[in-house]
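What follows is the residue order along each chain.
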There are 4 protein chains.
Amino acid sequence: MAVHIKDQKDQACLIVHGPDQPGIVSAVAALVTRNQGNIVSLDQYSSDPTGGDFFQRVVFNRPDLALALPEIEADLGKTLTRLGLTWTITDRSVPKRMAILVSTSDHCLLELLWRHRRGELQVTIPMVISNHTNTAEDVRSFGVPFFHVPSPPGPDKSHSEEQILKLLAGNVDFVVLARYMQILSPDFLDTVEVPLINIHHSFLPAFIGAAPYRKAKQRGVKLIGATSHYVTKELDEGPIIEQDVARVTHVHTATDLQARGAYVERAVLSRAVEWHAEDRVVRHGNQTIVF
Amino acid sequence: MAVHIKDQKDQACLIVHGPDQPGIVSAVAALVTRNQGNIVSLDQYSSDPTGGDFFQRVVFNRPDLALALPEIEADLGKTLTRLGLTWTITDRSVPKRMAILVSTSDHCLLELLWRHRRGELQVTIPMVISNHTNTAEDVRSFGVPFFHVPSPPGPDKSHSEEQILKLLAGNVDFVVLARYMQILSPDFLDTVEVPLINIHHSFLPAFIGAAPYRKAKQRGVKLIGATSHYVTKELDEGPIIEQDVARVTHVHTATDLQARGAYVERAVLSRAVEWHAEDRVVRHGNQTIVF
Amino acid sequence: MAVHIKDQKDQACLIVHGPDQPGIVSAVAALVTRNQGNIVSLDQYSSDPTGGDFFQRVVFNRPDLALALPEIEADLGKTLTRLGLTWTITDRSVPKRMAILVSTSDHCLLELLWRHRRGELQVTIPMVISNHTNTAEDVRSFGVPFFHVPSPPGPDKSHSEEQILKLLAGNVDFVVLARYMQILSPDFLDTVEVPLINIHHSFLPAFIGAAPYRKAKQRGVKLIGATSHYVTKELDEGPIIEQDVARVTHVHTATDLQARGAYVERAVLSRAVEWHAEDRVVRHGNQTIVF
Amino acid sequence: MAVHIKDQKDQACLIVHGPDQPGIVSAVAALVTRNQGNIVSLDQYSSDPTGGDFFQRVVFNRPDLALALPEIEADLGKTLTRLGLTWTITDRSVPKRMAILVSTSDHCLLELLWRHRRGELQVTIPMVISNHTNTAEDVRSFGVPFFHVPSPPGPDKSHSEEQILKLLAGNVDFVVLARYMQILSPDFLDTVEVPLINIHHSFLPAFIGAAPYRKAKQRGVKLIGATSHYVTKELDEGPIIEQDVARVTHVHTATDLQARGAYVERAVLSRAVEWHAEDRVVRHGNQTIVF
């Protein structure tokens, strides 16, 4: 998982998924070769070589990729469908469009904006949306548009969710909840059509729900953690992409845990976003394969 | 927390606990001085200097400690009781007596026996008790007595618990459950009168109860952990002494998690035992202070 | 080492250092008590209770500290000098003044500015000095003055060093080299009179000197590191305050190592700065005691 | 890198190495398929897709592998030689034969013997050789032959090296120096013909040579480490397989560092041995590719 973005012109990323069976690697490699591709990297995983699920990520170079892509896709359709496999292929020179939703805490947001400015995230950031305004100036100083969509206090968030959906529609490929402290409704999740990545401020499944640092202090844990996962309708239950921890002691108050945890959160979320942006994460039921 | 046991002849370890107030440090230090002690190390923690709880661990040298101890204890009684503080004082040249309870898994057991042989655990080991016999030969090769107390299959463990209590009574200062796969009854815990240290094979409070590695695989976590805690009547809920984690990926099966977890378990349990043996752990409600 | 700055009004931090001997703790504690102080935290270390060096850090509350400080200092002078001890006492409500020197890389600089804005560094930042101008806008957006002092290409840096010394003189309590890529002359170090903290982009003493990531790639190491240390006339040889590492593999190029290393560097430097600002670091020959 | 050894009957491990070029993956995969193999896992790395070095590790199932191996090797010879590639293929059901050389410290030795007994190292252990006798009883209790080859005090070790070479000749596939405190001569290394894996008790290249923990204490490092590497004629300069570190503080003496370091050493060496035994490590100049 190289940190720096290489020159990705004419690079395709192919994800293959389906029932494992002899001959898949050979079929995919032959397909790449006959389409004048040169494999740059290849990772694969099989949950069980006999009757299991097969996952593969192949990055290959192909001169004039954009022109050749329709033909390659047609070949993939013929070759892989016959083997019962599903696939996606992306042109790596086209960065994914990432929206960030955030509330008042800025640590995850600024980390993403700053890593992006350093050229370490293979994305564009068409918008940051917040139910608060405190981060607006910082966001715009990075040249990123900021939209304020207030979240009314009552239980009915349908109006603000509608506004968010309108902003996102057609403009983004995935959404990052960078400490967005509103629970999105099932309706929103049904409508949004792009994946959402969340950062939870605990080592899931410990301390599900609100106030995990306070709960962690009460339980007297010796490590605190953070978890980045895809959002599903089951709160804090979606497929985990990345987790990490930091050591704490009896000296630390709940407020200290929160302050230390912020550094774990921003690191964990950044890695999850980087991997998602590079098509390294494949969802498989409630789990992920991270290549 | 130095690993190697120093020459601890004539060293006392004093633990002080009670309501914080001005003058405690001064009173304790003056007491040590007027009893011809020389402070070797001093750690303290206050949950809040105003109205909080105060905890202190003082190690001091005092020539002819054994002879002087009654007089020092009398002085402590007078001086600290007046300040509303409780205290314990131990002669560090007298190692604690530690019993180990184990089932079939030997990794935690062997680690403790081996660290003890290296001189890294300040304890004696008067006995290992197991409901199985597979570890008997290994245990005895370390010169440690092994007792087999079978655990009958039904829910009533009173007979085997009675046998264990008879073996322990008067012979041990604390008990380590080194992957002992029986749940001890409230009656046992009421009767045993010495602290018990357990190792749980998950990052508590995640995956409480049985089969944590299987649950961890199902949840798709990216880190597995282990937790050492004092045993209370609430299963897996006692005060945590130490925790640690290891990184895993989608490649690892539940069996792999168990194998990798074993290395975390033995490290976490060993540190907890070392700290308890050196009077570094102070229980405080459902939490611990680890000096 | 709590992350959040507590209300430090009327808090003093006393550092004591000298030959270990019976009665020091008692003498210091009694001194605090008779000056109406209440000890908030106390850490101490003795390199050897018999004939070794003794180090102590005591934080205490004292109403109207500023008024009482001269009297406390007089008492310290009398009491501790008699015991052959040296001491410093600081009013914790007065933050240290920190200058940052930086070249083109902004990762350490921005991390310090951002942690300061979050209230996590107990300092003021009167100036950032750089031999480049690329970070000027970012620095000023944090409300911090930026001074450009170009470094001429030749070996003689005396003119630029003079300018830096003029800017610093009387205005700062310590200096942080946050990836400042100029070697400061012995003359500069003799004149500056305040401590300097550097971040070196390797796990010292491995890869001393220039281009450590390139050397690390050539040697094929599996971990890269960063080291924060006080600056002395011996390049990369000063007392180490903090170190940390990150895992790398054969996949990573020297450029990747540099990108990953940046995250270790900013974390290590931030911790070193935080601890120095809180008087937690005591220099002892070429080593440090970190309380 | 799964910890548990799966049923490896009829599994082959193929390592391919040579100049990168389009079509390698396809050629190898087709070869496996036409020899009735089913790929179980595949890892590859290219130092540069254009003009770089290509490395691949393929594990595949093939019924009646032992019978088919000559034919597969002939096919490999034809197919891969044409592409300028070198290769090795091994039957994974045949464990490598590992000798252990050790001096007096037993921590690495016992860890290897114990992991082997748990079924976690895919090796047989035909012998342990030591220049001391203190570990003999422990070694034999694991059912492993122990040979004592004293090392005379003078500089000429040729006689003892000859004896070791006689014991090894034809009997082992690799040798592990599990804290063997003798420097092996260039003659020995020329003659031995199998790879040697060493554990060095520092984070190489820091503290090369003798007494690294003493040097680490003098330098005041905040982390200690261990490095496992292949042995070459350049002392402590061979290709690194694995490294790890542990945190230490000013409190720890050089003896403490040594005691703590022992746990890092045994973990690092065990991983290196596990990976070597599973053909996961490919040497490339002075570096390693670890799949």
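Calculation criteria
- Residues take numbers from 1 onward in each chain, read along the sequence in its written order.
- Chains carry letters from A onward and ligands carry numbers from 1 onward, assigned in written order.
- Whole-chain, interface and lining totals are the exception, using all residues; otherwise, since this is a predicted model, local features are given only for residues with pLDDT of at least 70 and side-chain atom pairs are given and counted only at 80 or more.
- With hydrogens and water set aside, each side-chain value is computed from the structure's full complement of heavy atoms.
- Secondary structure counts use DSSP, requiring at least four H or I residues in a row for a helix and at least two E residues in a row for a strand, with both numbered from the N terminus.
- Within these notes, the globule rule equals 2.2 Å times the number of residues to the 0.38 power, and the radius of gyration is based on C-alpha atoms.
- Three labels apply to residues, based on accessible area from a 1.4 Å probe with only protein chains included: buried if under 20% of the type maximum, exposed if over 50%, partly exposed otherwise in between.
- Residues count as neighbours in contact if any of their non-hydrogen atoms are within 4.5 Å of one another.
- Here the accessible surface of atoms and residues is derived via Shrake-Rupley with a 1.4 Å probe, and residues count as covered only by protein chains that are part of the display.
- Counted charges follow a simple rule, with Lys and Arg positive, Asp and Glu negative, and His plus the chain ends left uncounted.
- Lys charges are placed at NZ, Arg charges at CZ, Asp charges at CG and Glu charges at CD.
- Accessible surface is computed with a 1.4 Å probe, and the buried area is the amount of it that two parts give up when combined, taken over both parts together.
- Think of a salt bridge as a Lys or Arg side-chain nitrogen and an Asp or Glu carboxyl oxygen that are within 4 Å of each other.
- Any pair of N or O atoms that falls within 3.5 Å is considered a polar contact. Within protein, one atom must be able to donate a hydrogen and the other to accept it, and sequence-neighbouring residues count only if both atoms are side-chain atoms.
- Each residue is assigned to one of three groups, with Ala, Val, Leu, Ile, Met, Phe, Trp, Tyr, Cys and Pro labelled nonpolar, Asp, Glu, Lys and Arg labelled charged, and all others, Gly among them, labelled polar.
- Superposition of the copies used a least-squares fit over C-alpha atoms from residues whose pLDDT is at least 70 in both.
- Two strands are counted as paired when DSSP detects at least two bridges linking them.
- The angle between two axes is taken between their N-to-C directions and runs from 0 to 180 degrees, where each axis is a line fitted to C-alpha atoms and a helix contributes only its stretch in contact.
- Pairs were defined over the aromatic rings of Phe, Tyr and Trp, the Trp ring being its six-membered one, requiring ring centres within 6.5 Å. Orientation was assigned from the angle between planes: stacked under 30 degrees, edge-to-face over 60, tilted for the rest.
- Only Lys NZ and Arg CZ are tested; either one counts as a charge over a ring when it is within 6 Å of the ring centre and within 35 degrees of the ring normal.
- Seen with its strands pointing away from the viewer, a crossover is right-handed if its path from the first strand over the helix to the second goes clockwise.

1. A few points about the overall build of chain A
In step 1: Scanning chain A from N- to C-terminus turns up eight helices and 13 strands.
In step 2: Taking 19 Å as the expected radius of gyration for a compact globule of 291 residues, we find that chain A reaches 21 Å, a close match to that expectation.
In step 3: Referenced to the eigenvectors of the C-alpha coordinate spread, the extents of chain A come out at roughly 60 × 40 × 35 Å.
In step 4: Every one of the 291 residues in chain A was classed for burial, and the buried ones make up 59%.
In step 5: Sequence separation of at least 24 residues holds for 67% of the intrachain contacts in chain A that already meet a minimum separation of 6.
In step 6: For chain A, the accessible area works out to roughly 11,200 Å², and carbon and sulfur atoms hold 54% of it.
In step 7: In chain A, 29 side chains carry a positive charge and 33 a negative one; their mean positions are 6 Å apart.

2. Side note on the interface of chain A and chain D
In step 1: Listed as interface residues are 16 residues of chain A and, on the opposing side, 16 residues of chain D.
In step 2: Across the chain A to chain D interface the summed buried area is about 1,400 Å²; carbon plus sulfur atoms make up 56%.
In step 3: Area buried by chain A at its contact with chain D is led by Asn38(A), Leu42(A) and Pro49(A), which between them contribute 31% of it.
In step 4: On inspection of chain A and its partner chain D, the count reaches zero salt bridges.
In step 5: The interface formed by chain A and chain D includes zero residue pairs in polar contact (both at pLDDT 80 or more).
In step 6: Looking at the side of chain A that touches chain D, the elements that each hand over two or more residues are helix 1 (24-34) and strand 2 (38-46) of chain A.
In step 7: With seven residues, strand 2 of chain A is the single largest residue contributor to the side of chain A that touches chain D.
In step 8: For the side of chain A that touches chain D, the per-class residue count stands at eight nonpolar, eight polar and no charged.

3. A closer look at the environment of Ala254(B)
Residues and elements named next belong to chain B.
In step 1: Checked against the element boundaries, alanine 254 lands in helix 8 (residues 254-277).
In step 2: Relative accessible area serves as the criterion here: at 26%, alanine 254 is assigned to the partly exposed category.
In step 3: In this structure alanine 254 touches Tyr213, Arg214 and Lys217, once residues within four positions along its chain are discounted.

4. Quick word on the relation of the copies chain A and chain D
In step 1: Laying chain A over chain D is done by rotating through 180° and shifting 0.0 Å along the axis; what remains is an RMSD of 0.0 Å. Here the symmetry operator amounts to a two-fold rotation axis. Nearest to the rotation axis, the C-alpha of Ser26(A) is located 2.8 Å from it, this being the minimum over chain A.
In step 2: Both copies share a contact surface, since 100% of the interface residues of chain A are interface residues in chain D too.

5. Considerations on the sheet that holds strand 6 (residues 123-130) of chain D
Residue and element names in this part refer to chain D.
In step 1: Pairing in this open sheet of seven strands is mixed, and the strands run 7-6-5-8-9-10-11 from one edge to the other. Edge positions in the open sheet fall to strand 7 (146-148) and strand 11 (240-247), since each of these has one partner strand only. Put simply, the sheet's adjacent strands are angled 20° from each other on average, direction ignored.
In step 2: Direction of pairing for strand 10 (residues 223-230) relative to strand 11: antiparallel, over a ladder of seven bridges.

6. A few points about helix 1 of chain A
In step 1: Burial of helix 1 of chain A is extensive: eight of the 11 residues sit out of reach of the surface.
In step 2: All of the buried residues along helix 1 of chain A are Ile24(A), Val25(A), Ser26(A), Ala27(A), Val28(A), Ala29(A), Leu31(A) and Val32(A).
In step 3: Contact partners of the buried residues in helix 1 of chain A: strand 1 (11-19), strand 2, strand 3 (53-61) and helix 2 (65-82) of chain A together with helix 1 (24-34) and strand 2 (38-46) of chain D.
In step 4: Directly beyond the C-terminal end of helix 1 of chain A, a positive phi value near 60° is found at Gln36(A).

7. Here's the deal with the interface of chain A and chain B
Think of interface size as the accessible area that goes away when the parts come together; that is how it is often given.
In step 1: Contact residues are listed per partner, giving 32 residues for chain A and 32 residues for chain B.
In step 2: Where chain A abuts chain B, roughly 2,700 Å² becomes buried across the two surfaces, and 54% of that area is made up of carbon and sulfur atoms.
In step 3: When the buried area of chain A at its contact with chain B is split by residue, Arg219(A), Lys222(A) and His250(A) rank highest and sum to 27% of it.
In step 4: A salt bridge links Arg247(B) to Asp244(A), with the nearest nitrogen and oxygen atoms 3.6 Å apart.
In step 5: Seen at the junction of chain A and chain B, the total is 22 residue pairs in polar contact (both at pLDDT 80 or more).

8. What about the relation of the copies chain A and chain B?
In step 1: Laying chain A over chain B is done by rotating through 180° and shifting 0.0 Å along the axis; what remains is an RMSD of 0.0 Å.
In step 2: The residues that chain A uses at the interface reappear at the interface of chain B in 100% of cases, marking a shared surface.

9. Considerations on the packing of aromatic side chains
In step 1: Considering all chains together, one arrives at 10 aromatic pairs over all chains under this definition.
In step 2: Measuring from ring centre to ring centre gives 6.0 Å for Tyr45(C) and Phe55(C), while their planes differ by 20°; the resulting arrangement is stacked. Here Phe55(C) lies in strand 3 (residues 53-61) and Tyr45(C) lies in strand 2 (residues 38-46), a separation of 10 residues in the sequence.
In step 3: Accessibility expressed as a relative area gives 14% for Tyr45(C), which makes it buried.
In step 4: Overall, the relative accessible area of 0% leaves Phe55(C) in the buried class.
In step 5: Just above the ring of Tyr263(C) sits the side chain of Arg115(A); from NZ or CZ to the centre is 3.8 Å.

10. Digging into the pairing of strand 6 (residues 123-130) of chain C
All names here are of chain C.
In step 1: The buried count for strand 6 comes to six of eight residues, which makes it a mostly enclosed element.
In step 2: Where strand 5 (residues 96-102) and strand 6 come together, six bridges link them in parallel fashion. Across the sheet, alanine 99 pairs through a bridge with methionine 127, a residue of strand 6.
In step 3: Of the crossover connections in this fold, the one passing from strand 5 over helix 3 (residues 107-117) to the parallel strand 6 is right-handed.
In step 4: The pairing of strand 6 with strand 7 (residues 146-148) spans three bridges and is classified as parallel.

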